[in-house]
Amino acid sequence: MTDMAKSDNSQQAFWNGDAAQAWVEAQGVLDQMFRPFEDALVEAVAAQPGNRILDIGCGTGSVVRAVSRRLGQRQEQRQGARCTGIDISEAMIAAARAIAAREGVSADFICADAQTHDFAPESFDMIVSRFGVMFFDDPVRAFANLRRSVRSGGALRFAAWRSAGDNPFMTAAERAAAPFVPDMPVRQKDAPGQFGFADQHRVARILEDSGWRDIAVAPIDVACAIPKAALDGYITRLGPLGRILPQLDEKARGQVIEAVRAAFAPFVQGEEVRFIAACWMVAARA
Ligand SMILES: C[S@@+](CC[C@H](N)C(=O)[O-])C[C@H]1O[C@@H](n2cnc3c(N)ncnc32)[C@H](O)[C@@H]1O
């Protein structure tokens, strides 16, 4: 039985297909990689007065758990303190629920499309997201829906990627694989996806048009790292390569993996893989 709100969106199909399974399996590595963003969002929550927090596109729930733990430490605000994660992916939400239960973290998880989900009006004090808001097919409608869920004066804080060109680590695999894969999907500017919010002026316009105010879109360059031993799994399972590799014959697959490994060599330092994530930290008020 699922509580998924159905919509006709290709992102829903994507995040409920092989990508979700790959994300669930790579979750430990990804959470390690993106830990600095989690810390920044937890700090942002701690700096705000409210204690009802909503995490958009929460995935397997690392940010939700970290926020819930932080809210639990706020003795003066324990009453009603709650973090809720929403995600369109059934597999991710199932994993999020299981991990939270295993770790004894009390939090709510909703499996639904955040752009259309019928949130109770003004039921949150703050919305956060780590890379979970660039996938909406109608972002103005989505952010208007999210704004209604937040009390007047409530805060929005999310991290989103700057451009593909600004993020050579994130695009190294597809660039290296391109000569071997003639029909490599081409990224469309502003299309829903990882780099859908690359244009800061567009992000600001989307928020303005959906009724948010005090909008600030600030560039942040964040040092991220994963163990070298995790690199192969990361590059072969996630992103465009995760989709393409299973379709190639063994010879082509071997060639691609070799080329891609070489492309990541500059990021390897000793036993770690290090890179700078070029992102926006976006803040606004309802
Ligand atoms: C890049 S992942 C980030 C996951 C998580 N925030 C993290 O940092 O680990 C993007 C997430 O957004 C979710 N997502 C995409 N479109 C969504 C939508 N319309 N409503 C809710 N979640 C969505 C995906 O299922 C996926 O879990």
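Cut-offs applied
Residues numbered from 1 in each chain as written. Predicted model: local features only at pLDDT ≥ 70, side-chain atom pairs only at ≥ 80, totals over all residues. Heavy atoms only, no water. Helix = DSSP H or I, 4+ residues; strand = E, 2+ residues; numbered from the N terminus. Buried < 20%, exposed > 50% of the residue type's maximum accessible area, 1.4 Å probe, protein only. Phe/Tyr/Trp six-rings, centres within 6.5 Å; stacked < 30°, edge-to-face > 60°. Near = heavy atom within 4 Å. Polar contact = N/O pair within 3.5 Å; in protein donor to acceptor, adjacent residues only side chain to side chain. Areas by Shrake-Rupley, 256 points an atom, 1.4 Å probe, with all protein chains shown as cover.

Visitor: Which parts of the structure should I look at to understand unusual backbone geometry?
Guide: Apart from glycine, the bulk of residues carry a negative phi angle, and the bulk of peptide bonds sit in the trans form. Phi at Phe-131 takes a positive value of approximately 60 degrees, unusual for a residue other than glycine. Looking at the secondary structure, you find Phe-131 in the loop between strand S4 (124-130) and helix H7 (139-148). Accessibility expressed as a relative area gives 11% for Phe-131, which makes it buried. Positive phi outside glycine occurs at Asp-190, with the angle close to 70 degrees. Note that Asp-190 resides in the loop between helix H8 (168-177) and helix H9 (200-209). Residue classification places Asp-190 among the partly exposed residues on the basis of a relative accessible area of 27%.

Visitor: I would appreciate a short explanation of the packing of aromatic side chains in the present structure.
Guide: Any aromatic ring pair is given by two values, namely how distant the centres are and how the planes are angled relative to each other. Applying the stated criterion across every chain yields a total of 19 aromatic pairs. With a centroid separation of 5.7 Å and an interplanar angle of 35 degrees, the aromatic rings of Phe-143 and Phe-158 are classed as tilted. Here Phe-158 lies in strand S5 (residues 150-161) and Phe-143 lies in helix H7, a separation of 15 residues in the sequence. Here Phe-143 and Phe-158 have matching classes, each one buried. Between Phe-158 and Phe-197, the aromatic rings sit 6.0 Å apart at their centres with planes inclined by 50 degrees, giving tilted as the arrangement. Residue Phe-158 is located in strand S5, and its partner Phe-197 is located in the loop between H8 and H9; the two are separated by 39 residues in the primary sequence.

Visitor: In this structure, what is going on with the site of the ligand? I would like to understand it.
Guide: Residues in close proximity to the ligand total 17 residues, the closest being Gly-57, Asp-87, Asp-113, Ala-114 and Arg-130. Asp-87 places a side-chain nitrogen or oxygen 2.5 Å from an oxygen atom of the ligand. Between the ligand and Arg-130 there is a distance of 2.5 Å, counted from an oxygen atom to a side-chain nitrogen or oxygen. Protein chains shield 97% of the accessible area of the ligand, which is 590 Å² for the free molecule.

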